[in-house]
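Summary of structural features
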Amino acid sequence: MHTALSLSVVLAAQNPISHYWHKLTDRTFTGIYHANAFDLAMMIPYFIVLLVLAVYGLHRYWLVYDYFAYSKNVPPVPPPVANWPRVTVQLPIFNERYVIERLVEAVSRFDYPPDLLGVQVLDDSTDETCDVARACVERHSAQGMPIVYIHRANREGYKAGALENGLKTAKGEFVAIFDADFLPESDFLRRTIPYFMNPDGGAKIGMVQTRWTYLNSDYSLLTNVETILLDGHFVVEHGARSRRGTFFNFNGTAGVWRRKAIDDAGGWEHDTLTEDTDLSYRSQLKGWKFLYLPQIECASELPVDMNGFKAQQARWAKGLMQTAKKILPRVWKSDAPWHVKTEAFFHLTGNISYPLMILLSTMLLPAMIVRFYQGWVQMLVIDLPLFLASTCSISSFYLVAQKELRPKTWWRTFFYMPFVMATGIGISVRNAQAVIEALLGKKSEFARTPKFNIEGKQGTFAKKSYKNKAGWMPYAEVLLGLYFSLTIVYAVSNENYATVPFLLLFVWGYLYTGSMSLGQTYFARLRFGVNAPEMRPATSGAPGF
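Just so it is clear, the structure is predicted and the values come from calculations on it, not from any experiment. (Residues numbered from 1 in each chain as written. Predicted model: local features only at pLDDT ≥ 70, side-chain atom pairs only at ≥ 80, totals over all residues. Heavy atoms only, no water.)

Focus on the confidence of the model for the protein chain
Test applied: Confidence of the predictor at the level of single residues is captured by pLDDT, which takes values from 0 to 100. Only heavy atoms matter for contacts: two residues are in contact if any of them lie within 4.5 Å across the pair.
Looking at the protein chain as a whole, its pLDDT mean stands at 84, while 79% of the residues score no less than 70. Under a pLDDT of 50 for its full length, residues 9-13 has, in the predicted model, 2 contacts with residues more than four places off or in other chains. Segment residues 525-545 is flagged for pLDDT under 50; beyond a separation of four residues in sequence, or across chains, it makes 67 contacts in the model.

Printed below as a string of structure tokens:
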């Protein structure tokens, strides 16, 4: 028996888990450690950054709460329309030769009264898209479609400038806008216009926004991640803000404006890269009401290359921060309720998390060293709750959106969540640069998101134009990925295993976005394809995987 007991003690001592637990709970050197100036210089900014990120993380929980708490505040179905108003459909394009004909063909199928409809192709293109678009317009015009082609010799104001130029000759009381990569259903106008015409409050509605669906969600791992990210925005963010009655934004496409609401707000302005959000806030500050109609869908094409995706995200990040600098002072001075002002602040400044994420990334290794010597109890009580508040809220945010859209298959999203979080980390370098440029007032051109007429899992962009250049940014992302690989080596060597899963997200995020940006510059077929059923947009209901 003595031999067996001795053997049990030896085995227990050699057990890695028992050894790790003994190391964590060892109180031998408790009280010996004293913080020095270097430790304080590291820990104070570390906790400030972590606290700010946690606050924005808690805001995501608050959006989820609002989404469910005000679930009954949805627009009722409007009564039938007796007299349909005149509508102008604007199609702003810039070098979109692969998708412009598809868009015009979709609009030509609108079942709206032709004598009350006018379609404008607003073309700022500088390549053969001009010939393709002009020929397309002439062909459909000859067939009786009320469509005109308007070309500008310069891109002054970019998309906002094109839309404003089109309004000079627009005759519609309402204006529907579709980007080049969208495919609205034939009944789009007949389903949206009645909300403006509703005798019960319709006269106060300035804009209605519909929900995007995606033609190529299953094209690659990247497009699957993009689907989850956008679904979170359109389901939880738009849903929560519209149900609570706070300000939310027009998404630049797949929506309808009342012409008077545009004019009353001062028209389209192009001093920010998110002219849609800028006009949305100015219009709502004038008292106009916005409606979000998730039951009305509009199919779109997701960016299929990493460089295009990062350019799109950086434009949104910079534009929202520019809008925050421009609009937030007006919001605070307005007589809007406090919850509207608070939500506007979090909405417009949310991208500040990207430079903070980069700062946190650089501080993780030294902070890990300092916290290791301070003891595991402090990390468990302080660090862990802050990390959970700033990171786990992301997964819960997107999981709720998927459960709302796909109640039977939403659990599959769990498999994608590590990639969603890693991609969010990976694009933080590019977005951080964009946010800092906005804060410093540095202007930049409107970087278009190239579309290649890719649907489902078919098609390629290998031999097509418009691909974004990688630049120097992917090299910085790869270096950060290697840096976190060394951080993992340090954590394992010091038996700090609890931090390894979190650090792996940084490694995968930076290496994935960096290597994909570099790889797709030379090999456009590099996409980390996934074996999933092909998804098609539904005319009603929610799309499925």
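Describing helix H6 (residues 158-167)
Stated formally: For each residue, the accessible area found with a 1.4 Å probe, counting protein chains only, is set against the maximum for its type, and the residue is called buried under 20%, exposed over 50%, and partly exposed in between. Under the DSSP-based scheme used, a helix requires at least four consecutive residues in state H or I and a strand at least two consecutive residues in state E, with every element numbered from the N terminus.
Counting buried positions along H6 gives 7 out of 10 residues, so the element sits mostly inside the fold. Where the residues of H6 are buried, they touch strand E1 (87-93), strand E2 (117-123), strand E4 (174-177), helix H9 (259-264) and helix H10 (275-285).

Examining the packing of H10 against helix H11 (residues 306-333)
Let me state the cut-off plainly: Here an axis means a line fitted to C-alpha atoms, over the contact stretch when the element is a helix, while the angle between two N-to-C directions is reported on a 0 to 180 degree scale. What sets the label is the angle itself: under 35 degrees gives roughly parallel, over 145 gives roughly antiparallel, 65 to 115 gives roughly perpendicular, and the rest give oblique. Each residue is assigned to one class: nonpolar for Ala, Val, Leu, Ile, Met, Phe, Trp, Tyr, Cys and Pro, charged for Asp, Glu, Lys and Arg, and polar for all the others, Gly among them.
It is the contact of H10 with H11, at a shortest axis distance of 10 Å, that shows an interaxial angle of 10°. It follows that H10 is roughly parallel to H11 by the angle criterion. Between H10, through Thr277, Asp278, Tyr281, Arg282 and Leu285, and H11, the contact on the second element is made entirely by Leu320, Thr323, Lys326, Ile327, Arg330 and Val331. Its residues assigned to classes, the contact of H10 with H11 comprises 5 nonpolar, 2 polar and 4 charged.

What to know about the nonpolar core
Defined as follows: In this description, a nonpolar core means a group of buried Ala, Val, Leu, Ile, Met, Phe, Trp, Tyr and Cys residues linked to one another through side-chain atoms lying within 4.5 Å.
Membership of the largest hydrophobic core comes to 69 residues, with the highest contact counts inside it found for Val89, Val121, Leu189, Trp257 and Trp268. For this core, the leading source of residues is strand E8 (residues 289-300), giving 6 residues. Setting aside its immediate chain neighbours within four residues, Val89 contacts Val107, Phe110, Leu117, Gly118, Val119, Gln120, Ala176, Phe178 and Leu189.

Looking at helix H7 (residues 188-197)
Of all 10 residues making up H7, 7 are buried, and the element is well covered by its neighbours. Looking only at H7, the buried set comprises Phe188, Leu189, Thr192, Ile193, Pro194, Tyr195 and Phe196. In the core, the buried residues of H7 are packed alongside E1, E2, E4, strand E6 (205-214), strand E7 (255-258) and E8.

So, the pairing of E4
Let me state the cut-off plainly: A pair of strands is treated as paired once DSSP finds two or more bridges between them.
Across the two faces of E4 the burial is the same, with Phe174 and Ala176 and Val175 and Ile177 all buried. Bridge analysis of E1 against E4 gives 4 bridges, and the strand direction is parallel. Across the sheet, Thr88 pairs through a bridge with Val175, a residue of E4.

Some details on the packing of aromatic side chains
We apply this condition: By convention, a stacked pair of Phe, Tyr or Trp rings (six-membered ring in the case of Trp) has centres within 6.5 Å and planes under 30 degrees apart, an edge-to-face pair has planes over 60 apart, and any other such pair is tilted. Charges are assigned to positions over rings by a cutoff of 6 Å between ring centre and Lys NZ or Arg CZ, combined with an angular limit of 35 degrees from the ring normal.
Here the structure, examined in full by the defined rule, presents 25 aromatic pairs. Seen in terms of ring centroids, Tyr56 and Phe346 are 5.3 Å apart; in terms of plane orientation they differ by 75°. Their pairing is edge-to-face. A residue pair is termed long-range when its members are at least 10 positions apart, and Tyr56 in helix H3 (residues 37-69) and Phe346 in helix H12 (residues 338-349) qualify at 290 residues. Ring plane angle 85° and centroid distance 5.7 Å describe the contact between Phe247 and Tyr281, whose orientation is recorded as edge-to-face. In this pair, Phe247 is assigned in the loop between helix H8 (221-244) and E7 and Tyr281 in helix H10, connecting sequence segments 34 residues apart. Each residue in the set Phe248, Phe250, Trp257, Trp268 and Phe290 is aromatic and connected to the rest through ring pairs, giving one cluster. In this structure, Arg243 is placed above the aromatic ring of Tyr67, and the distance from its NZ or CZ to the ring centre is 4.0 Å.

Observations concerning the environment of Val304
For Val304, the position within the fold is in the loop between E8 and H11. Residue classification places Val304 among the buried residues on the basis of a relative accessible area of 1%.

Some remarks on the sheet that holds strand E5 (residues 182-183)
Read from one edge to the other, the open sheet built from 8 strands follows the order E3-E2-E1-E4-E7-E6-E8-E5, with strand pairing classed as mixed. The outermost strands of the open sheet, each flanked by one partner alone, are strand E3 (147-151) and E5. With 5 bridges connecting them, E2 and E3 associate as parallel partners. By the bridge assignment, Gln120 is partnered in E3 with Val148. With respect to the sheet, helix H5 (residues 129-142) is in contact with E1, E2 and E3, its orientation differing from that of E3 by roughly 160°.

As for the packing of H11 against H12
Geometrically, a packed helix pair is captured by the angle between its two axes and the distance between the axes. We apply this condition: Here a crossing is taken to be left-handed if its near helix is turned anticlockwise relative to the far helix by less than a right angle, and right-handed if that turn runs clockwise.
Running from N to C, H11 and H12 cross one another at 165°; their axes reach a closest spacing of 9 Å. Classified by the interaxial angle, the pair formed by H11 and H12 is roughly antiparallel. The way H11 lies across H12 gives a crossing that is left-handed. The residues of H12 that touch H11, namely those facing Leu320, Met321, Thr323, Ala324, Ile327, Leu328, Val331 and Trp332, are Lys341, Thr342, Ala344, Phe345, His347, Leu348 and Thr349. Among the residues making up the contact of H11 with H12, the classes are represented as 10 nonpolar, 4 polar and 1 charged.

Some details on the layout of surface pockets
Our working definition: Buried and open spaces are told apart on a 1 Å grid over the protein atoms alone, a cavity being a set of points where a 1.4 Å probe fits but cannot get out and a pocket being an open set with protein on both sides within 12 Å along at least five of seven lines. Residues with an atom within 4 Å of a point are the lining residues. Grid points are joined across faces, edges and corners, and a volume is the space filled by probe spheres set on the points.
Reported here for the second largest pocket is a volume of approximately 790 Å³. If you trace the second largest pocket, you find 36 residues lining it, with Ser242, Arg243, Phe248, Phe290 and Tyr292 closest to the centre. Breaking the lining of the second largest pocket down by element, the ones donating at least two residues are H8, H10, E8 and helix H14 (376-405).

A word on the environment of Met207
Along the polypeptide, Met207 turns up in strand E6. A relative accessible area of 0% means that Met207 is categorised as buried. Sequence spacing of Met207 and Val256 is 49 residues, and the spatial spacing of their C-alpha atoms is 5.6 Å. Once you skip the residues sitting within four places of it in the chain, Met207 turns out to touch Phe196, Phe248, Asn249, Phe250, Val256, Trp257, Lys289, Phe290 and Leu291.

Section: a nonpolar patch on the surface
Going by this rule: Patches here: salt-bridge-free residues with over 30% relative accessible area, like charges joined within 9 Å, nonpolar side chains (Val, Leu, Ile, Met, Phe, Trp, Tyr) joined within 5 Å. In this description, accessible areas are obtained by the Shrake-Rupley approach with a 1.4 Å probe, and a residue is regarded as covered only by the protein chains that are shown. For salt bridges, the criterion is a side-chain nitrogen of Lys or Arg within 4 Å of an Asp or Glu carboxyl oxygen.
Judged by side-chain polarity, Leu40, Ile44 and Ile48 come together as a nonpolar surface patch covering roughly 290 Å² of accessible area. In this fold, Ile48 is placed in helix H3. With a relative accessible area of 49%, Ile48 lands in the partly exposed category.

Things to note about unusual backbone geometry
Even without being glycine, Tyr158 reaches a positive phi, approximately 55°. With respect to the helices, strands and loops of the structure, Tyr158 is situated in helix H6. Of note, Ala254 is a non-glycine position whose phi angle comes to about 60°, a positive value. Mapped onto the fold, Ala254 is located in the loop between H8 and E7. Owing to a relative accessible area of 0%, Ala254 belongs among the buried residues under this scheme.

So, the pattern of salt bridges
Once their charged atoms are close, side chains differing in charge can pair, the charge on each being opposite to the other. A full pass over the atoms with the stated rule returns 24 salt bridges. Residues Glu173 and Arg258 are paired through a salt bridge, measuring 4.0 Å at the closest nitrogen-oxygen approach. With Glu173 in the loop between H6 and E4 and Arg258 in strand E7, this residue pair connects regions lying 85 residues apart in the sequence. As a salt-bridge pair, Asp231 and Arg406 come within 3.2 Å of each other at their nearest N and O atoms. With Asp231 in helix H8 and Arg406 in the loop between H14 and helix H15 (413-426), the pair connects residues that are 175 residues apart, well separated along the chain. When its relative accessible area of 3% is taken as the criterion, Arg406 is described as buried. Via salt bridges that share partners, Glu269, Asp271, Asp278, Arg282 and Lys326 belong to a single interconnected network.

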